[in-house]
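Chain by chain, the residues run as shown.
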Amino acid sequence: MREAFRVPHLSSGPDDVSGILSQLTAARADREFLAGVELHLPRLHDLFLRLYGDRPDGVERLASVVDLARRSWHARPEELRDVDRNRASEPDWFESERMLGGVCYVDRYAGGLRGIRDSIPYFRELGLTYLHLMPLFESPEGNSDGGYAVSSYRRVNPALGTMDELADLAADLRRAGISLVVDFIFNHTSNEHEWAQKAVAGEPGFEDFYLIYPDREMPDAYERTTREIFPDDHPGSFVQLPDGRWIWATFYHFQWDLNYANPAVFEAMAGEMLFLANQGVEILRMDAVAFIWKRLGTTCESLPEAHLLLQAFNAVLRMAAPSLLFKSEAIVHPDEVVSYISPEECQLSYNPLQMALTWEALATRDGRLLQQALERRHALPEGTSWVNYVRSHDDIGWTFADEDAEELGIQGYPHRRFLNDFYVGRVEGSFSRGVPFQENPRTGDARITGTTASLAGIEAGDAGGEDRVILAHALALSTGGIPLLYLGDEVAQLNDYSYRRNRAEAGDSRWVHRPHRPEQNYADRGDATTPAGRVFSRLTRLIDVRRSTPELAGNELIAFDAHVDSLVAFLRPGDTGAAVLVLANVADHAVEIEALTLSGLQPDAIDLIADEPVALAGGLTVPAHGVLWLRVELR
Ligand code: GLC
């Protein structure tokens, strides 16, 4: 196929596209595939032109990417093509009120893939429809960053299982109504990946797979404007190779950044992505999207080309595995977080702002910053959704916009310092048992780790601890999009400090909130005399209510001014004129909403969580750390 293209550079005219199309027709490509190519190749071509227009091999690469997509489409199992067709007829499937995500480490939660399969009955009991299994690919022992340093995208870590088992698990999950989500760690590979080894050895075709420099000249120039991400591991963005050269490593020294300015890297990664799609993965969590493109003189974060790259991957998928979705992991300024979200780029995204501001509100007992974010930063384009969570396997960073905070008289820098101090228990009266992560004395920057229960006060024995766990989840379950549970948090798992005795983990405090499956808590989940039992029954009640409340589907949200600073309040409108009014009180005391404030609503409402009528005419009391989901009629 490659010989057919003699155009030296990508041209902006239609020649490249029609050339590639005629090749496919000659190959008698499947009609369904051809229809997808006709629809998406012009877009992919345009993206290639912008990314690789100045490269002599641009057209050739584009042609081989399309050929890769064709081969992948042909290899796609019929059952997955059925998923493609079904999703095409119900494109908003992931916006349903029935969606519920869970996330866990395969080894820590279930020992291996077989253990995950054995947990399917529990996942069904919980109502999961989405399961994110954290990195399960081959990864060097010790230097693995919890699996985020991948040595092969086509082999499962042998301690967990095999790729065939993963494909079987995907099918079992699908039959149980659960979509498999895995990480696509494509910004970097492990230093033991064969591409990395070949690049360092200077093997032809691989020299430009990574960013390697003979001396400090370029690293110094780049580091003038880049930020340190894991300063505990190494300063700056580069690490030195044994032969004295320098290689780009944004995260750990053993995670080497790929060079996407080289279209061969794009093609290679597209191949890995399509391979995973054909194993039955339905959603790829696009790891560290902000870092995938570098340009001298910039922060090398969220550059325009990062978006073009994601869109190009998206276009390739639309041709060969059209039901697969991308979820972006961009834990950055909120303006940048949304810039990754569109049907043509990432259809789903973590909502780190809501997550961080939920914790901010619980610490300050002031809901205004979260309320403001819901008001102005919650709306998303059609065909996209948030993934709302209380905490993840990563640290909590205070990624709110300083300019937003200033409007409320809050100064970003001291406020972040307060929040860090509060959550590591350095503030008098703090209920939290968090641990600092990547504290940088030079910049004063730090992030926070801890399980939900430990951060919220259960570990410290604070009387409001369980309520706060419920409140935080109630927000994630009611603001829209896909709510995501960190498995084990539904039974109030506490911090696990044993990482400090483990050499491979001691330097990374995120292990404190990645405990092994908390067997005792699960055993206690039916026992209301234990925190595990109480949290589980209250949380599963919320999950059940959400599942039968159509107003909680989708993402539409109208902020509601309750005239009480500690109240986070919003309406989730439904189709029938009814709406759900959500009220969450972050204060340690009950608050009153005045009758006048509620006068735009009919006086009779239904408390969905308690399943009982409630009268609004005389105003309303929201208890300390309390949450109400009220079905209301607008007057
Ligand atoms: C993402 C992961 C995190 C990992 C980093 C480097 O942020 O969530 O756990 O350390 O990428 O891969």
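Residues numbered from 1 in each chain as written. Predicted model: local features only at pLDDT ≥ 70, side-chain atom pairs only at ≥ 80, totals over all residues. Heavy atoms only, no water.

Honestly, the overall build of the protein in this entry has me stumped. Any pointers?
The number of helices and strands found in the protein is 21 helices and 25 strands. Here the C-alpha radius of gyration of the protein, 25 Å, is about what a compact globule of 635 residues would show, namely 26 Å. For the C-alpha atoms alone, the extent of the protein along its principal axes is close to 80 × 55 × 50 Å. Burial analysis of the protein (635 residues in total) assigns 62% to the buried set. Here the analysis covers contacts within the protein between residues at least 6 apart in sequence; of these, 71% occur between residues at least 24 apart. Surface exposure of the protein reaches about 23900 Å², of which carbon and sulfur atoms provide 49%. The positive charge centre, built from 60 side chains, and the negative charge centre, built from 96, are 3 Å apart in the protein. (Helix = DSSP H or I, 4+ residues; strand = E, 2+ residues; numbered from the N terminus. Rg over C-alpha atoms; globule rule 2.2 N^0.38 Å. Buried < 20%, exposed > 50% of the residue type's maximum accessible area, 1.4 Å probe, protein only. Contact = heavy atoms within 4.5 Å. Areas by Shrake-Rupley, 256 points an atom, 1.4 Å probe, with all protein chains shown as cover. Lys, Arg positive; Asp, Glu negative; His and termini not counted. Charge placed at Lys NZ, Arg CZ, Asp CG, Glu CD.)

How should the site of the ligand be read in this particular structure?
Looking at the ligand, the residues that line it are Asp-145, Tyr-148, His-188, Phe-230, Phe-251, Gln-255, Arg-285, Asp-287, Glu-329, His-393, Asp-394 and Arg-510. One of the side-chain N or O atoms of Arg-285 is found 2.8 Å from an oxygen atom in the ligand. At 3.0 Å, a side-chain N or O of Asp-287 approaches an oxygen atom of the ligand. For the ligand, whose accessible area on its own is 310 Å², the fraction buried by protein is 95%. Each residue belonging to the shell around the ligand can be placed in one class, and the counts come to three nonpolar, three polar and six charged. (Near = heavy atom within 4 Å. Polar contact = N/O pair within 3.5 Å; in protein donor to acceptor, adjacent residues only side chain to side chain. Nonpolar A, V, L, I, M, F, W, Y, C, P; charged D, E, K, R; others polar.)

Explanation requested: the pairing of strand 22 (residues 604–607) in the structure shown.
A one-sided burial pattern is seen for strand 22, the buried positions being Ala-605 and Asp-607 and the unburied ones Asp-604 and Ile-606. Summarising the sheet, strand 22 and strand 23 (residues 612–615) pair through four bridges and their orientation is antiparallel. Its bridge partner lying in strand 23, Ala-605 is registered against Val-614. Count of turn residues in the strand 22/strand 23 antiparallel hairpin: four residues, of which Asp-611 carries a positive phi of about 60°. (Pairing = 2+ DSSP bridges.)

It is not clear to me how the confidence of the model for the protein should be interpreted in this structure. Could you clarify?
Close inspection of predicted coordinates is inappropriate in any region flagged by low pLDDT. When pLDDT is averaged across the protein, the result is 95; 98% of the residues are at 70 or more. Below pLDDT 50 for its whole length, residues 1–8 participates in 18 contacts with residues either more than four positions away or in separate chains. (pLDDT = per-residue confidence, 0-100.)

Mind showing me how you'd approach the domain arrangement of the protein here?
Accessible area lost when the parts come together is the quantity often used to give the size of an interface. Under the domain assignment used here, the protein contains domain 1 (1–75) and domain 2 (556–633). Between the C-alpha centres of domain 1 and domain 2 the distance comes to 55 Å. (Domains from an automatic or database assignment.)

In this structure, what is going on with the sheet that holds strand 9 (residues 246–248)? I would like to understand it.
The strands making up a sheet associate through backbone hydrogen bonding, with each pair oriented either parallel or antiparallel. The three strands lie next to each other as 7-9-8, forming an open sheet whose pairing is antiparallel. Sheet topology places strand 7 (212–213) and strand 8 (238–240) at the edges, where each strand pairs with a single neighbour. As defined by bridge partners, strand 7 adjoins strand 9 across two bridges and the pair is classed as antiparallel. Paired with Ile-212 across the two strands is Ile-247, which belongs to strand 9.

It is not clear to me how helix 17 (residues 412–423) should be interpreted in this structure. Could you clarify?
Counting along an α-helix, one turn takes 3.6 residues, and residues three or four places apart therefore face a common direction. For helix 17, built from 12 residues, the straight-helix expectation of 16 Å at 1.5 Å per residue is met to within 8% by its first-to-last C-alpha distance of 16 Å. For helix 17, the set of buried residues is Gly-412, His-415, Leu-419, Asn-420, Phe-422 and Tyr-423. Seen end-on, helix 17 carries its buried residues on one side only, within an arc spanning 165°. Contact partners of the buried residues in helix 17: helix 14 (352–364), helix 16 (402–407), strand 16 (445–449) and helix 18 (452–456). Phi turns positive one or two residues past the end of helix 17, at Gly-425, with a value near 75°. (Expected span 1.5 Å × (residues − 1). Arc of directions from axis to C-beta.)

So what exactly am I meant to see when it comes to the pairing of strand 1 (residues 101–104) here?
Both faces of the sheet carry side chains from a regular strand, because those side chains alternate between them. Burial along strand 1 is two-sided: Gly-101 and Val-103 and Gly-102 and Cys-104, pointing in opposite directions, are all buried. Inspection of the sheet shows strand 1 paired to strand 17 (residues 482–486) by three bridges, in the parallel sense. From the neighbouring strand, Gly-101 faces strand 17, where its bridge partner is Leu-484. Direction of pairing for strand 1 relative to strand 2 (residues 130–133): parallel, over a ladder of four bridges. The partner of Cys-104 across the bridge, within strand 2, is Leu-133.

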